[in-house]
Structures are given as C-alpha cells and as structure tokens.
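# Descriptive structure summary
One-letter residues, chain by chain:
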Amino acid sequence: MQRTHCWKSFGGEQQVWQHESRSTGTPMTFAAYIPPQPGPRPVLWFLSGLTCTHANVMEKGQYQRLAAELGLLVICPDTSPRGEGVADAPAYDLGQGAGFYLDATQPPWAEHFRMRSYILDELPSLVAETFPVDMARQGITGHSMGGHGALILSLTAPGHFRSTSAFAPIVAPSKVPWGEKAFASYLGDDRAAWAQHDAVALIEAGARLPALLVDQGTADAFLEEQLQPDRLKVACADAGIPLTLGMHEGYDHSYYFIASFMQSHLRWHAGRLFA
C-alpha cells in the first residue's frame, strides 16, 4: 500500500492511499483523515454516491475541522473498482462509479465488483494495520448510493458498526429505477437476492439498528422517484428502530447539502463511538 498525497489540515493530516485489492482484483484508492490526537481513534466510514470517487467528499464535505476537534479518523473509499479491463456501462448509474456496495454475482460484473467484501473485510484490515485506530469503535455514513451502502452494510453485519447515519439515501433500491437497474445487472433476476441489499426490505424481514440518523433535502430532484425516505420512516416505526429523519426545506442533493449537515452527523457518531 502506498500513500500518494498528504496535506496538513486542522492539526491532522488529510491523506490519500492506493493499494492492490484482492477483493476487486484492481488498484483501489481511498482517503484517510488522521486527527491530531494520539491513537487509537474511532473510525468513521463515509461512502460516496453515484459517479463519485474518494475525492468528492474529501474536497467538498468539510469534515476535517470537526473530525480534528472530536478525534475521529475518517475513511472515504472509492465507489467501485476502476480501470482497463473492468466492466463498465455508458450510463452514469451502472458500472464504474456505481458499485452499489454489493458483491456482484452476474457476468461481466462478478469478476471485479465486490465492494461489500472490500468495505467490510479487506479495507478495515488495511486500515487497522496502517493507522492508529480502535476497530471496536466504527461508525458508517454515506450519501445517496453511499447512504444505501451505509444502511445495508450496517443492517447485514450486526455489531460491526456502533453508529449509522445517511445523507439522502436510496432506502428501497429494489423498488426504484436506480436500484432495479443495478440489481438486475449485478445480481440477476432473483428478487429475493435483491432484498438482501434493500434497507427497507431488510428491516421488514427483522434486521435491526439501535438508532439511525437520516437527513434529506426537500428540493432534492431525486426525492420522489429514487429516494423515498417515507418508506424508511414507516419501516423503522413498525420495527421500533429510533429514526431521526430531518427533512430540510430547500436543500438539494449536492455537496452543499452534505456540508451543511456534516457537523451534526459527526457529532451523532462521536456521541456513540466515544460512549
């Protein structure tokens, strides 16, 4: 593994690393913010959305100042495998940049698109070997497709994450165009397999979280067709999962929205990771 960039930031360091991944069979890149406090530190994972890389939230998310104050180590992975020989599609919502945080089972995607294994198994091991971290104190958050990833990884790996939140997540991907397209391509036609990657379906089937924070803008162009947070609200209410759902007038799907509520998410996670 090789560090490719490092910038001093609020007393800590914003770094970028690259390594050869055994999960994806490709080079993978991730960002790591190292706070100034001595370790071991709790870890917060941020999963990005469609078309993004590690760089979008690193450059636009404005998490560094408060992460330094709170003493959180923040890891921001890429959204998919990339490179020559990796399957792709012309559309922005399938292929490179659109890994959906699952392990694909269908050709040509199955060879490289193994983002669930990468995020849950391989990358945490590398992080534990490289940084001053307390891997017993991990939280996860994400935006849009990354919010979907944060929800399903937390719901299907009980105890792995102490805290979970999301910005404008795709909460029921098996019922909306983004998810239907991705799941049919990556997982095939078996909708029972799709349900294992659908937060609302998982909760309805008995998966639980101790608490959940979600923020959503009311001016989000994808709100009605793709995101549908009311489905999550109903599922959590029926399951007895404490959900804090913030609906914010006038905010859209952009990083201006994410940056506006990043501090409240960092404090939410810190309150649980340091408890």
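Rules and cut-offs
Residues numbered from 1 in each chain as written. Predicted model: local features only at pLDDT ≥ 70, side-chain atom pairs only at ≥ 80, totals over all residues. Heavy atoms only, no water. Pairing = 2+ DSSP bridges. Helix = DSSP H or I, 4+ residues; strand = E, 2+ residues; numbered from the N terminus. Axes fitted to C-alpha atoms, helices over the stretch in contact; angles between N-to-C directions. Contact = heavy atoms within 4.5 Å. Phe/Tyr/Trp six-rings, centres within 6.5 Å; stacked < 30°, edge-to-face > 60°. Buried < 20%, exposed > 50% of the residue type's maximum accessible area, 1.4 Å probe, protein only. Polar contact = N/O pair within 3.5 Å; in protein donor to acceptor, adjacent residues only side chain to side chain.

On to the sheet that holds strand S1 (residues 2-9). An order of S1-S2-S3-S5-S4-S6-S7-S8-S9 is seen for the 9 strands of this open sheet, with the pairing classed as mixed. The open sheet has two free edges, formed respectively by S1 and strand S9 (243-248), since each of these has just one partner strand. Each adjacent strand pair in this sheet contributes to an overall mean axis angle of 20°, direction not counted. Pairing of strand S2 (residues 12-20) with strand S3 (residues 27-34), which is carried by 8 bridges, proceeds in the antiparallel orientation. Across the sheet, the residue bridging to Gln14 is Tyr33, located in S3. The strands that helix H4 (residues 145-156) touches are strand S4 (41-47), strand S6 (133-142), strand S7 (163-167) and strand S8 (212-217); relative to S6, the one it contacts most, it runs at about 135°.

Here Ser9 shows up in strand S1. With sequence-adjacent residues up to four places away left out, Ser9 is seen in contact with Gln14, Tyr33 and Gln64.

Moving on, we get to the packing of aromatic side chains. Counted by the stated rule, this structure contains 14 aromatic pairs. Judged by centre distance (6.2 Å) and plane angle (85°), the ring pair of Phe167 and Phe257 falls under edge-to-face. Pair noted here: Phe167 is in strand S7 and Phe257 is in helix H10 (residues 255-273), with a separation of 90 residues, a long-range link. By the burial criterion, Phe167 is buried, and Phe257 matches it. Where Trp178 meets Phe222, the ring centres are 4.7 Å apart and the plane angle is 45°; that geometry is what we call tilted. Note that Trp178 is positioned in helix H5 (residues 177-187) and Phe222 in the loop between S8 and helix H8 (223-227), a separation of 44 residues in sequence. On the basis of relative accessible area, Phe222 is assigned to the partly exposed category, the value being 29%. An aromatic cluster is present here, built from Phe46, Phe167, Tyr251, Phe257 and Phe261 joined pairwise through their rings.

Take unusual backbone geometry next. Omega for the peptide link from Gly39 to Pro40 comes to 0°, which places this bond in the cis form. In this structure, the amide linkage connecting Pro107 to the following residue, Pro108, adopts the cis form with an omega of 0°. In this structure, Phe10 takes a positive phi of about 50° despite not being glycine. Residue position: Phe10 is located in the loop between S1 and S2. Within the chain, Tyr101 stands out as a residue other than glycine whose phi angle is a positive 55°. Examined against the element boundaries, Tyr101 turns out to sit in the loop between strand S5 (73-77) and helix H3 (115-130). A residue is classified by how much of its surface remains accessible, and Tyr101, at 0% relative accessible area, is buried.

You can see His143 is positioned in the loop between S6 and H4. By relative accessible area, His143 is classed as buried at 5%. A distance of 3.0 Å separates the side chain of His143 from the backbone oxygen of His253, its partner in a polar contact. Leave out the neighbours within four places in its chain, and His143 touches Phe46, Leu47, Ser48, Gly49, Phe167, Ala168, His253 and Ile258.

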